[in-house]
Amino acid sequence: MKRLSSLRRRALIGVLLLGGALAGFLMGLRSATQKDFAYYGIKELKIAAVHQWVTLREKLSGGAPQGQALQSDEIKVFTANDFSLELLHLPAYGSTEKTAGFIDEGGALPVKIEQNDVDVHWARWQLGSVITDAKPSTFRGGGIKQVFRYQGQTLALVSMQALPEGCRFASLVNVTARREVFRAPCLPPVDEIDFSAIGGGWVADEGGILMSLGTPSDDLRIAGLAQDPASPYGKVLFFPDAQLRGEGPARETFVVHSSGHRNPQGLVRVGGALYATDHGPKGGDEINLLQRGHNYGWPLYSLGSTYQGQPHEPVGDPARFDEPLFSFIPAVAPSDILACPSALAERYAPLQCVLITSLRGMSLSVGLIDDQHRVVSLERLSVDMRLREFVALPGERLGVSTDGYGVFEIKLADVARRPAS
């Protein structure tokens, strides 16, 4: 305990000194672009520092705390308009940095997969022997960008680099069958590639899945691919079951469901409607109603602005682009989206109810959508943690991963109920 206390004090002093130096550096920057990049750089350093501290604490104490799978060692309580939100820390999951997803491997809890642990899982899944012309890459936000179970099989969206030291692209891999079922084309060789913006939202569809693939750069050589019907980037794509099983067609094959997307990380179907969250540029994050064949404008139209402060003006007839149902200004960086648990869904019926996690906004939002697909309410609960991926826990419980602070169970208490009629 004394050793832990000493380390905690040293870590705190180090963070304060680093924070002061970075704050001074940030104040000296002049352009909006420099300040935005510095802001996100400081955020990443903070997440990494917290992650390293938690990892060190686990190692010194003999690993992640043991006990019952859903046993909590900390509760955070937040008050909403019609309910209380309780976040119960689950120490059994240990530390987190950027969680790609959770998969059921038959244990007491779904297994947490971290984006940056791609080399560990690539070896564990024995994929290096079947994909020999490329390797997974953590270059600029890369790694395992999404992992999920579908029809008894594990699939993963991974950022890749061709060998030897070639181009960069994204692949969808069937981990269970050990097959690469989709390979996107090589990205143009631009300096600003950021695989944090590769998307990765997915939802089951009739005869297959829909999955989003973003445009991992605002350089128009990549961002412009969102308007290119021959490119999978900047699209929501349909993959049939046979392709997902590795039974064909060819791995370069894809079907475009919708286009004009920047970085859609969450997809959900509620009441027969398909909704998506999408990251805008500087502002302009979106909630969209996805419809087959529709175009959502990126990079030709957005309610956000460039990092140089210029608006995104529509090119041609703006009526050909679908407007977002809701646009977040300033940006909150919406990540996952999920149909509300039954207690909230019943409280707000007949409105459709969704939960949305956010990274930059550090919040959990409750969105209410009417039968005309209008967002009539969006209540944001600030939780002071970057929330990333929802996870279904045993016993119909719900959890959420954070960047740097572990995994929490979500509990809704004191939900207001309508009087019996």
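Everything below is about the structure shown above.
First, a word on what this report is: a plain description of the structure on this page. (Residues numbered from 1 in each chain as written. Predicted model: local features only at pLDDT ≥ 70, side-chain atom pairs only at ≥ 80, totals over all residues. Heavy atoms only, no water.)

Considering the state of the cysteines
What the rule picks out here adds up to two disulfides. A sulfur-sulfur separation of 1.8 Å characterises the disulfide bridge that pairs C167 with C186. With C167 in the loop between β7 (153–162) and β8 (168–174) and C186 in the loop between β9 (179–183) and β10 (199–205), the pair connects residues that are 19 residues apart, well separated along the chain. Given the relative accessible area of 46%, C186 is considered partly exposed. Residue pairing for C340: its cysteine sulfur links by disulfide to C353, the two sulfurs lying 2.1 Å apart. Across the S-S bond of C340 and C353 the torsion is about -65°, and the bridge reads as left-handed. Here the residue C340 occupies a position in the loop between β20 (334–339) and α6 (342–348), and C353 occupies one in strand β21 (residues 352–358), the gap between them amounting to 13 residues. For C353, a relative accessible area of 5% gives the class buried. Taken in sequence order, the bonded cysteines of the chain link in the pattern 1-2, 3-4. (Disulfide = S-S within 2.5 Å. Helix = DSSP H or I, 4+ residues; strand = E, 2+ residues; numbered from the N terminus. Buried < 20%, exposed > 50% of the residue type's maximum accessible area, 1.4 Å probe, protein only.)

Some words on the packing of aromatic side chains
Each pair of aromatic rings is reported with the distance of its centres and the angle of its planes. Within this structure, the stated rule accounts for six aromatic pairs. Measuring from ring centre to ring centre gives 5.5 Å for Y93 and F102, while their planes differ by 75°; the resulting arrangement is edge-to-face. Aromatic pair F182 and F239: ring centres 5.0 Å apart, planes at 50°, arrangement tilted. Pair noted here: F182 is in strand β9 and F239 is in strand β12 (residues 235–240), with a separation of 57 residues, a long-range link. Residue F182 shares its accessibility class with F239, and that shared class is buried. Three or more aromatic residues link up through ring pairs in this structure, and these residues are F148, Y150 and W202. Taking the ring centre of F139 as reference, the NZ or CZ of R168 above it sits at 3.7 Å. Here R262 stacks its cationic end above the ring of W298, 5.3 Å away from the centre of that ring. (Phe/Tyr/Trp six-rings, centres within 6.5 Å; stacked < 30°, edge-to-face > 60°. Lys NZ or Arg CZ within 6 Å of the ring centre and 35° of its normal.)

Details of the environment of H312
By the element assignment, H312 lies in strand β18 (residues 311–312). H312 gets classed as buried once you look at its relative accessible area, which sits at 14%. Sequence spacing of H312 and G297 is 15 residues, and the spatial spacing of their C-alpha atoms is 9.8 Å. Not counting the four nearest positions on each side in its chain, H312 is found in contact with P281, W298, P299, L300, Y301, S302, G304, S305 and T306. (Contact = heavy atoms within 4.5 Å.)

Looking at the environment of L289
Positionally, L289 belongs in strand β16 (residues 285–289). Spatially, the C-alpha atom of L289 lies 9.1 Å from that of E323, the residues being 34 residues apart in sequence. Setting aside chain neighbours within four positions, we find L289 in contact with A273, L274, Y275, Y296, L325 and H373.

Thoughts on unusual backbone geometry
Going from G248 to P249, the amide bond is cis rather than trans, its omega being 5°. The topology assignment puts P249 in the loop between α5 (241–244) and β13 (255–259). Cis geometry is found at the peptide bond from W298 to P299, where omega equals 0°. Structurally, P299 is set in the loop between β16 and β17 (302–305).

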